[in-house]
Amino acid sequence: MSCLFCRIVSGQEPAEVVLERDEVVGFLDVRPVFPGHVLLVPRVHVDTLTELPDELLVPLFAAARETAAAVKDVLGAQGSFVAMNNTVSQSVPHLHVHVVPRTKGDGLRGFFWPRVRYAEGQAQDVAARLRAVL
Ligand code: AMP
């Protein structure tokens, strides 16, 4: 089994597992942004969000909701950052949701999202193209 997160799910690779559900496993990120940074993965191998089967949408997002609540309730975080990389910047090609505990002043403000401005007419063009398929 070559996938690192499949090996964690099957117990072949050590991890600090914090959540186990029928379809989802959560474990601590080995190099956390902050302590309590959790990765949530479907037990079945799925590369990225676009391949996630319908029946796993609710279990995965429910686990994200539960974990986001837990880092507040148990670890004293004020909130959380919930995200995933898909292909680009995705270092492990098994879909994983990052749940990062956040607290005001933790230094993460604006950490990797420099913003750009739309050129004249560009927003309308982009929105129209997305609207056409969504
Ligand atoms: P990404 O870069 O979004 O694909 O996130 C992959 C994450 O997996 C990184 O935050 C890594 O720190 C984490 N990671 C890599 N190997 C392990 C491991 N053996 N156990 C737990 N987390 C890991």
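Procedures and definitions
Residues numbered from 1 in each chain as written. Predicted model: local features only at pLDDT ≥ 70, side-chain atom pairs only at ≥ 80, totals over all residues. Heavy atoms only, no water. Pairing = 2+ DSSP bridges. Helix = DSSP H or I, 4+ residues; strand = E, 2+ residues; numbered from the N terminus. Axes fitted to C-alpha atoms, helices over the stretch in contact; angles between N-to-C directions. Core = buried A, V, L, I, M, F, W, Y, C linked by side-chain atoms within 4.5 Å. Buried < 20%, exposed > 50% of the residue type's maximum accessible area, 1.4 Å probe, protein only. Contact = heavy atoms within 4.5 Å. Near = heavy atom within 4 Å. Polar contact = N/O pair within 3.5 Å; in protein donor to acceptor, adjacent residues only side chain to side chain. Areas by Shrake-Rupley, 256 points an atom, 1.4 Å probe, with all protein chains shown as cover. Nonpolar A, V, L, I, M, F, W, Y, C, P; charged D, E, K, R; others polar.

Here we look at the sheet that holds strand 1 (residues 17-20)
Pairing between the strands of a sheet comes from backbone hydrogen bonds, and it takes one of two forms, parallel or antiparallel. As summarised here, the arrangement of the 5 strands in space is 1-2-3-5-4, forming an open sheet in which the pairing is antiparallel. Looking at the sheet topology across the chains shown, the edges are occupied by strand 1 and strand 4 (79-83). On average, each strand axis in the sheet is tilted by 20 degrees relative to the strand beside it, whichever way the strands run. Relative to strand 2 (residues 24-28), strand 1 runs antiparallel, the two being bridged by 3 bridges. The residue of strand 2 that forms the bridge with Val17 is Phe27.

Quick notes on the nonpolar core
Membership of the largest hydrophobic core comes to 14 residues, with the highest contact counts inside it found for Val24, Leu40, Leu52, Leu60, Val97 and Val99. Of all the secondary structure elements, the ones that give two or more residues to this core are strand 3 (38-42), helix 2 (54-73) and strand 5 (97-102). Leaving out residues up to four positions away in the same chain, Leu60 has contacts with Val24, Leu40, Val41, Pro42, Leu52, Leu95 and Val97. Membership of the second largest hydrophobic core comes to 10 residues, among which are Phe5, Cys6, Val9 and Val25.

As for the environment of Ala123
Locating Ala123 in the fold gives a position in helix 3 (residues 122-133). A relative accessible area of 27% means that Ala123 is categorised as partly exposed. Note: C-alpha distance between Ala123 and Leu19 (104 residues apart in sequence) is 40 Å.

Things to note about the pairing of strand 2
Among the 5 residues that make up strand 2, 4 are buried, leaving the element largely enclosed by the rest of the structure. Sheet topology places strand 2 next to strand 3; 5 bridges connect them, and they run antiparallel. Paired with Phe27 across the strands is Leu39, a residue of strand 3.

Looking at the site of the ligand
Around the ligand sit 16 residues, and of these Asp29, Asn85, Ser91, His96 and His98 come closest. Within the side chain of His96, one N or O atom sits 2.8 Å away from an oxygen atom of the ligand. Measuring from an oxygen atom of the ligand, one finds a side-chain N or O atom of His98 at 2.8 Å. For the ligand, whose free accessible area comes to 500 Å², the fraction covered by protein is 80%. When contributions to the shell around the ligand are tallied by element, the ones reaching two or more residues are helix 1 (4-9) and strand 2. By residue number, the principal contributor to the shell around the ligand is helix 1, which donates 3 residues. Taken together, the residues of the shell around the ligand sort by class into 8 nonpolar, 6 polar and 2 charged.

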